[in-house]
Amino acid sequence: MLNKSFFDQPVLDVAQEIIGATLLFNGIGGVIVEVEAYDETDPASHSFRGPTPRNRVMFGPPGHAYVYKIYGIHHCLNFVCRPGSAVLIRALEPVQGLAAMRERRGGLSDRQLCSGPGKLAQALGIDLQHDGLGLDTPPFALKAAEVAHPIAAGPRIGITKGAETPWRFVQAGSCYLSRPLPKAQPVL
DNA sequence: AACTGGATCGTCT
DNA sequence: GACGATCCAGTTG
């Protein structure tokens, strides 16, 4: 199980080490296969302009969930690292609670259950009421990866500022990504 | 396969 | 008052 001290590291380290870990929410979830990193030096980050009521959790202690609502419709889940930084969880390979996820998502194929930040929040039943919850206690549970998977990096998705920064990390070759990488770039 | 527009509202300027 | 760290359905090629 990953404890809070795991998240007290540079956000780029956490982003890459979290690939292959298993995320469960009330026992439902799967393997993290796609994330993006954000920090306070980054114009695309919610934390760029300092603390506000919405992003206050990003400036709190590491190891908590930062949940926000986007486009008035979808929810997005982040793992808070050091103050002002967080990892956006963008896609899971579904493993646990397939039936519950299919029901919430409308009976789609398994590849489409959690292949995007809004989709996975819907599949797991995460919304604003879970903003600020600790990641090391129920309803959350995080298990470290048992085997190291090859990781690839690329530009982040859906942003206009900082669009070139290659802070999107994926499990190379996974078919559960929100989108394939534009150009596969192996990392280490 | 690639692009378009609509849904829908909290947040910050 | 404008704009999203999105998703989906529809159209076009």
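Preceding block: the structure.
Thresholds, definitions, all that
- Residues numbered from 1 in each chain as written.
- Chains lettered and ligands numbered in written order.
- Predicted model: local features only at pLDDT ≥ 70, side-chain atom pairs only at ≥ 80, totals over all residues.
- Heavy atoms only, no water.
- Buried < 20%, exposed > 50% of the residue type's maximum accessible area, 1.4 Å probe, protein only.
- Helix = DSSP H or I, 4+ residues; strand = E, 2+ residues; numbered from the N terminus.
- Pairing = 2+ DSSP bridges.
- Near = heavy atom within 4 Å.
- Polar contact = N/O pair within 3.5 Å; in protein donor to acceptor, adjacent residues only side chain to side chain.
- Nonpolar A, V, L, I, M, F, W, Y, C, P; charged D, E, K, R; others polar.
- 1 Å grid on protein atoms, 1.4 Å probe; cavity = no way out; pocket = protein on both sides within 12 Å on 5 of 7 lines; lining within 4 Å.
- Points joined across faces, edges and corners; volume = space filled by probe spheres on them.

A. Molecular detail of the pairing of strand β7 (residues 151-154). Burial along β7 is two-sided: Ile151 and Ala153 and Ala152 and Gly154, pointing in opposite directions, are all buried. In terms of strand pairing, β7 meets strand β8 (residues 168-171) through 4 bridges, oriented antiparallel. Its bridge partner being in β8, Gly154 is matched across the sheet by Arg168.

B. Fine view of the protein's contact with DNA strand C. Residues in contact with DNA strand C amount to 20 residues; listed here are only the nearest, Tyr68, Tyr71, Asn78, Arg105 and Gly118. Counted by atom, the contact set of DNA strand C within 4 Å of the protein is 45% sugar and phosphate. Here Pro117 contributes a backbone N or O atom positioned 3.2 Å from a phosphate oxygen of DNA strand C. Measuring from a phosphate oxygen of DNA strand C, one finds a backbone N or O atom of Gly158 at 3.5 Å. With 3 residues, helix α3 (residues 117-124) is the single largest residue contributor to the surface near DNA strand C. Its residues assigned to classes, the surface near DNA strand C shows 10 nonpolar, 7 polar and 3 charged.

C. Geometry of the layout of surface pockets. What the largest pocket holds in volume is close to 810 Å³. Taken together, 33 residues line the largest pocket, and the ones lying closest to its centre are His46, Tyr68, Ile70, Gly158 and Ile159. Put simply, the parts of the chain that give the lining of the largest pocket at least two residues each are β2 (28-38), β3 (65-70), β4 (74-80), β5 (86-96) and α3. Of the residues assigned to the lining of the largest pocket, the class counts are 15 nonpolar, 12 polar and 6 charged.

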